[in-house]
Amino acid sequence: MVRICVLAVLGVVLNLIEPPMPAPVPGIKLGLANLMSVIGLYSLGTYSAIWITILRTITVNLFLGFDLRGFLSLGGGVVSALIMEAVYYFYKRETGIVAVSMLGGLMHNFTQWLMVLILLQQPYLVVYLPFLLLSGGVAGVFVGTTGVYTLRRLGGFISGKDTQP
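Residues numbered from 1 in each chain as written. Predicted model: local features only at pLDDT ≥ 70, side-chain atom pairs only at ≥ 80, totals over all residues. Heavy atoms only, no water.

## Some thoughts on the overall build of the protein
Looking only at helices and strands, one finds 6 helices and 0 strands in the protein. Counting helices and strands in the order they occur from the N terminus, the protein gives α-α-α-α-α-α. Pairs at least 24 apart in sequence give 72% of the contacts found in the protein among residues at least 6 apart. Accessible surface computed for the protein: about 9500 Å², of which carbon and sulfur atoms make up 71%. (Helix = DSSP H or I, 4+ residues; strand = E, 2+ residues; numbered from the N terminus. Contact = heavy atoms within 4.5 Å. Areas by Shrake-Rupley, 256 points an atom, 1.4 Å probe, with all protein chains shown as cover.)

Structural data, given as structure tokens:
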């Protein structure tokens, strides 16, 4: 549980220091905080990504004020973590970190888009979906690739199986 909390706190820090990406479409971020969920999933195992995501998102929203953005972030984060956990659990041998992270990015943005579509009930929001999916996929690949390199360097240390002091 301590390792999950440490990764969640690191995710909070990454979330708070990450600026929005300059893009023609508002609301697009790289999602560096999701790196901690991916690292947790692959170093600590099943259910860690969900807990890290929930703890991180609620903590960030306590700092920033829980508004619609926080609600969307929590919904997108939990759904993407559940999908990543399921793919990791059922297809661990067939998929890698980058693919799981990319799927998480896609599902995060799709879930947020779907939540806004349901709340606002504006059909023109369909135009926004391709941009969100593209940015979610690219961000997921970046986060997954960063996760691969981080786990190579720190994986044993994070999981507690590091034999070096």
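## Description of the confidence of the model for the protein
Per-residue pLDDT for the protein averages 87, and the proportion of residues at 70 or more is 90%. Of all helices and strands in the protein, the one with the weakest mean pLDDT is helix α6 (residues 129-159) (87), whereas helix α5 (residues 97-120) scores best (94). (pLDDT = per-residue confidence, 0-100.)

## Notes on the packing of helix α2 (residues 34-44) against helix α4 (residues 68-91)
Running from amino to carboxyl end, α2 crosses α4 at an angle of 25°, the nearest separation of the two axes being 11 Å. Here α2 is positioned roughly parallel relative to α4, judged by the angle of their axes. In the crossing of α2 with α4, the sense of the turn from one axis to the other is right-handed. Across the interface between the two elements, Ser37, Val38, Leu41 and Tyr42 from α2 touch Met84, Glu85 and Tyr88 from α4. Per-class residue counts for the contact of α2 with α4 are 5 nonpolar, 1 polar and 1 charged. (Axes fitted to C-alpha atoms, helices over the stretch in contact; angles between N-to-C directions. Parallel < 35°, antiparallel > 145°, perpendicular 65-115°, else oblique. Left-handed = near helix turned anticlockwise from the far one by under 90°. Nonpolar A, V, L, I, M, F, W, Y, C, P; charged D, E, K, R; others polar.)

## Here's the deal with the nonpolar core
Counting 22 residues, the largest nonpolar core has Met36, Ile39, Leu41 and Ile52 as its most contacted members. Taken together, the elements giving at least two residues each to this core come down to α1 (2-17), α2, α3 (48-64), α4, α5 and α6. Here this core gets 5 residues from one element, more than from any other, and that element is α2. Leu41 has contacts with Ser48, Ala49, Met84, Glu85, Tyr88 and Val100, leaving out every residue within four places of it along the chain. (Core = buried A, V, L, I, M, F, W, Y, C linked by side-chain atoms within 4.5 Å. Buried < 20%, exposed > 50% of the residue type's maximum accessible area, 1.4 Å probe, protein only.)

## Focus on α2
Counting buried positions along α2 gives 8 out of 11 residues, so the element sits mostly inside the fold. For α2, every residue scored as buried is listed here: Leu35, Met36, Ser37, Val38, Ile39, Gly40, Leu41 and Ser43. Two residues or fewer after α2 comes Gly45, characterised by a positive phi angle close to 100°.

## With respect to unusual backbone geometry
A negative phi angle is the norm for most residues apart from glycine, just as the trans form is the norm for most peptide bonds. In this model, Tyr47 sits at a positive phi of 80°, which is unusual for a non-glycine residue. Position of Tyr47 among the secondary structure elements: in the loop between α2 and α3. Note on Tyr47: relative accessible area 56%, which makes it exposed. Phi is positive for Gln121, which is not a glycine, with a value near 50°. Note on placement: Gln121 falls in the loop between α5 and α6.

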